[in-house]
Amino acid sequence: MAEFLEFQNVSKYFGAIKAVDQVSLEIKKGEFFSLLGPSGCGKTTMLRLVAGFEHPNAGRILLDGEDITDLPPNKRKVNTIFQSYALFPHMTVWENIAFGLRIAKKSKNEIKREVEAMLHLIRMTDQAPKRPDQLSGGQKQRVAVARALINKPQVLLLDEPLAALDLKLRQRMLIEIDMIHDEVGITFLYVTHDQGEAMSLSDRIAVMDLGRIEQVGIPAEIYETPRTSFVAAFIGDTNFLEGEVTDLVDNEYCHLKIAGFSGIICFNDKSIRLGNPVYLSIRPEKIHISRDRPEELPLRNILPAVVEDVIYLGSTTKYWVRAQELRIQILRQHFRFFLDEKPIRWKDDVWIWWHGDDGFMLERYREVDENLISIPPQKVGESNENNEKS
Amino acid sequence: MKRETRNKTQEWLVSFPSLFWLALFFVMPTAFVLAVALRPSNPYGGIGAGWTLENLRRLADPNYLIIAWRTIWISVLITFICILLAIPIGYYLARVTPKWRNFFLMLVIIPFWTNFLIRIFAWKVLLHPEGLIKRLLVFLGMAAPQTSLLYNPAAVVLVSVYTFLPFTILPIYAAADKFDFTLVEAARDLGARSFQAFYKIFLPGIRRGLFTAVLFVFIPSLGSYIIPDIVGGPTSEMIGNKIAQRVFVDRNLPQASALSVILTLSVLAPLIAVLFLQGKKEKPGAIF
């Protein structure tokens, strides 16, 4: 499939702030594409550029081969679901959904037929005469979806549509949005700061930061092989260990010296040269922890450590351990309730190990990533679903 | 159900002080005026004994009808022009950056610092045959030297619009400020042109502010007396002037009261009708 929605070197400035900075991006037809990034990274501006609420300072935006950069919002075959839903408060559910068709001056019969089909799709036929302020958050959202879809847009733009809902409802609407995407088969451009949403819904994700796209790829690619330290730190949790390359084992592997530990083996796909300072990133769930010394295997890194913190999270436990001056977080799933092993406790001496393929080396991060990398230990109860995705 | 009755009682309790106030200072005086309208006048400018419908009957005089009709159309015109000017101004005030907003709001409010009468007299000076505006218009060839800018309905409308405009701008601005402009974006997104989004989404969104603004202009215009007295002439007399004449010139209080009653009723009737209709419409669609 060819590219359908295309950004060509698009820039948008607000005064001195570069909200979108020379972005080029191609989105395929029928794709569920997410723009993911922290607040202020420019993802919403990207969406508003497609919708036509903002005009780029430079670059072109193409939809199905047609240059839409200079078209007003009402002339673009895209529709938006707003974060606040933006339902018209003085109209009923029925009138809200019918708005687009009425503006397009469709016949009464056609409007009636289409609106009723939409009401059926969102299972709200009996709510049609209500006004938006009589609806629950989830219902409002469904009306917003119906109102946007009834115009048969070529691209549906979703601006953090789940941000205003509580967790349980969010999970249900997530499934619903996914089903609607399968049903209508149009291109979805989904903006979110929630990696869980992006990971579970998207065909592809673009991770954005400071108005630029850091990486584009399928969810697993983004999580497993982040290209930059920003992506590694933003998507899921990770340990960043500062070290340098001491020698190359062969074409594929090299040895690192990290803190006082030398000979740490790591997959080297970046052909980093000897003596290069690097950051070794290892996902917390890729590290094993045990009180007994594990068996020595090729490509296995084993370090002695002391447990500093144990955070019980229900289905998982997070350990913060110290190995010399390194502070490392480890996440373990509970397979059974420690029936046959003595639980690991605070201040225990343990062994930690990981496979050489599970760490990946990243170039020196930019200064701006500093705060992401040095995130303090998570507090108990903070949601941490993302690590279950691995 | 039980909760609803309790809420009703609470509502009554809470609104009692203002109801009492209204009864004491609005309903009772109005009733007095109505009573006086039904009394004969006496030659000394006081109220005679007995009851009569004579004062009300005399209102059918074609002279009064002409003046009543003029009062209404002048008031409607003033209201219309004020609203027409205030909507874009209110919209702009709600959209502009806070720094400029405060500046413009100041400009709207500053005239209140000068006495109302002085401002009306200032207009008289401006519109005077030797005044600045007249000379400028003659200079530009837009007015003949002998036309008068004063003492006609146009002068009354102009000065009234000037006087009442802030009272329309402020409620419309207040409503526009609370209006969620994402709704306009949503309408544009769904295919509406800017103007369609404006009148289908923005105007209904600020309808309460519009309603308040209309009342703030229309009611005082109907009872307007000083403005037509100062800048108006015989062709722009309004009911307010007639009432004043009956009181100060004819010293006929009952006749003045009869005119006042008609004025009050003609203001109250449409107001109550609108409130009633609105209340009916605003009721949410039966889920209690």
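Look above for the structure.
Position numbers for residues count from 1 along each chain, tracking the sequence in the order it is written. Chains carry letters and ligands carry numbers; both start at the beginning, A for chains and 1 for ligands, and go up in the order they are written. Only residues with pLDDT of 70 or above have their local features reported here, since the model is predicted, and side-chain atom pairs are shown and tallied only from 80 upward, although totals for entire chains, interfaces and linings are computed over all residues.

Peer 1: Go over the overall build of chain A with me, naming the residues and quoting the values.
Peer 2: Regarding its fold elements, chain A presents nine helices and 20 strands. A total of 390 residues make up chain A; the buried ones form 40% of that total. Numbering of helices and strands runs from the N terminus, with a helix taken as a DSSP run of H or I at least four residues long and a strand as a DSSP run of E at least two residues long. Exposure is read from a count of other C-beta atoms within 10 Å of each residue's own; the residue is exposed at 12 or fewer, buried at 20 or more and partly exposed in between. C-beta atoms are placed from the backbone.

Peer 1: A description of the interface of chain B and chain A should follow, citing residues and the corresponding values.
Peer 2: Here, residues touch in the contact sense if the C-beta positions derived from the backbone fall within 7 Å of one another. Chain B puts 18 residues into the contact, and the matching count from chain A is 21 residues. Every element with two or more residues in the side of chain B that touches chain A is listed here: helix H8 (182-189) and helix H9 (194-205) of chain B. Here the side of chain B that touches chain A takes six residues from H8 of chain B, the largest share from any one element. Residue type decides the class: Asp, Glu, Lys and Arg count as charged, Ala, Val, Leu, Ile, Met, Phe, Trp, Tyr, Cys and Pro as nonpolar, and the leftover types, Gly among them, as polar. Its residues assigned to classes, the side of chain B that touches chain A shows eight nonpolar, five polar and five charged.

Peer 1: Any chance you could break down unusual backbone geometry for me, citing the residues and the numbers?
Peer 2: Residue and element names in this part refer to chain A. With a phi angle near 55°, aspartate 64 is a residue other than glycine that sits in the positive phi range. Relative to the assigned elements, aspartate 64 resides in the loop between strand E4 (58-63) and strand E5 (66-67). For arginine 123, which is not a glycine, the phi torsion comes out positive at approximately 55°. Secondary-structure assignment places arginine 123 in the loop between helix H3 (108-121) and helix H4 (137-149).

Peer 1: Break down helix H7 (residues 153-178) of chain B for me, with residues and values.
Peer 2: Each α-helix turn comprises 3.6 residues. Residues three or four places apart therefore point the same way. Here H7 of chain B contains 26 residues, and its C-alpha end-to-end distance of 37 Å stays within 8% of the 38 Å for a straight helix at 1.5 Å per residue. Here the bend at a residue means the angle between the axes of two seven-residue stretches, the one that ends at it and the one that starts at it. Remark: the principal bend of H7 of chain B, roughly 40°, maps to phenylalanine 164 of chain B, with a proline, proline 166 of chain B, within the next four residues. What a helix should span is 1.5 Å times the count of its residues minus one.

Peer 1: I'd like to hear about the environment of glycine 211 of chain A, residue by residue, with values.
Peer 2: Summarising the element assignment, glycine 211 of chain A is placed in the loop between strand E9 (204-209) and strand E10 (212-217). Separated by 20 residues in the primary sequence, glycine 211 of chain A and valine 231 of chain A have C-alpha atoms spaced 14 Å apart.

Peer 1: Summarise the pairing of strand E1 (residues 3-14) of chain A; cite the residues concerned and give the values.
Peer 2: Residues and elements named next belong to chain A. For two strands to pair, DSSP has to find at least two bridges joining them. Relative to strand E2 (residues 17-28), E1 runs antiparallel, the two sharing eight bridges. Its bridge partner being in E2, leucine 5 is matched across the sheet by isoleucine 27. The turn linking E1 back onto E2 is made up of two residues, and glycine 15 within it adopts a positive phi angle of 60°. With five bridges joining them, E1 and E4 adopt antiparallel strand pairing.

Peer 1: Run through helix H2 (residues 93-103) of chain A, naming residues and quoting values.
Peer 2: Summarising burial for H2 of chain A: eight of the 11 residues are buried, a large majority. All of the buried residues along H2 of chain A are Val93, Trp94, Asn96, Ile97, Ala98, Phe99, Gly100 and Leu101 of chain A.

Peer 1: Please provide a residue-by-residue account of the packing of helix H3 (residues 62-95) of chain B against helix H10 (residues 207-222) of chain B, values included.
Peer 2: All names here are of chain B. To obtain an axis, a line is fitted to C-alpha atoms, over the contacting stretch when the element is a helix, and the angle between two such axes runs from 0 to 180 degrees between their N-to-C directions. Packing of H3 against H10 leaves a shortest axis separation of 9 Å and a crossing angle of 145°. Here H3 runs over H10; the crossing is right-handed. Residues Thr71, Ile74, Ser75, Ile78, Thr79, Cys82, Ile83 and Ala86 of H3 form the contact with H10, whose participating residues are Leu210, Ala213, Val214, Val217, Phe218, Ser221 and Leu222. Classifying every residue of the contact of H3 with H10 gives 11 nonpolar, four polar and no charged. Left-handed describes a crossing whose near helix is turned anticlockwise from the far helix by less than a right angle; the clockwise case is right-handed.

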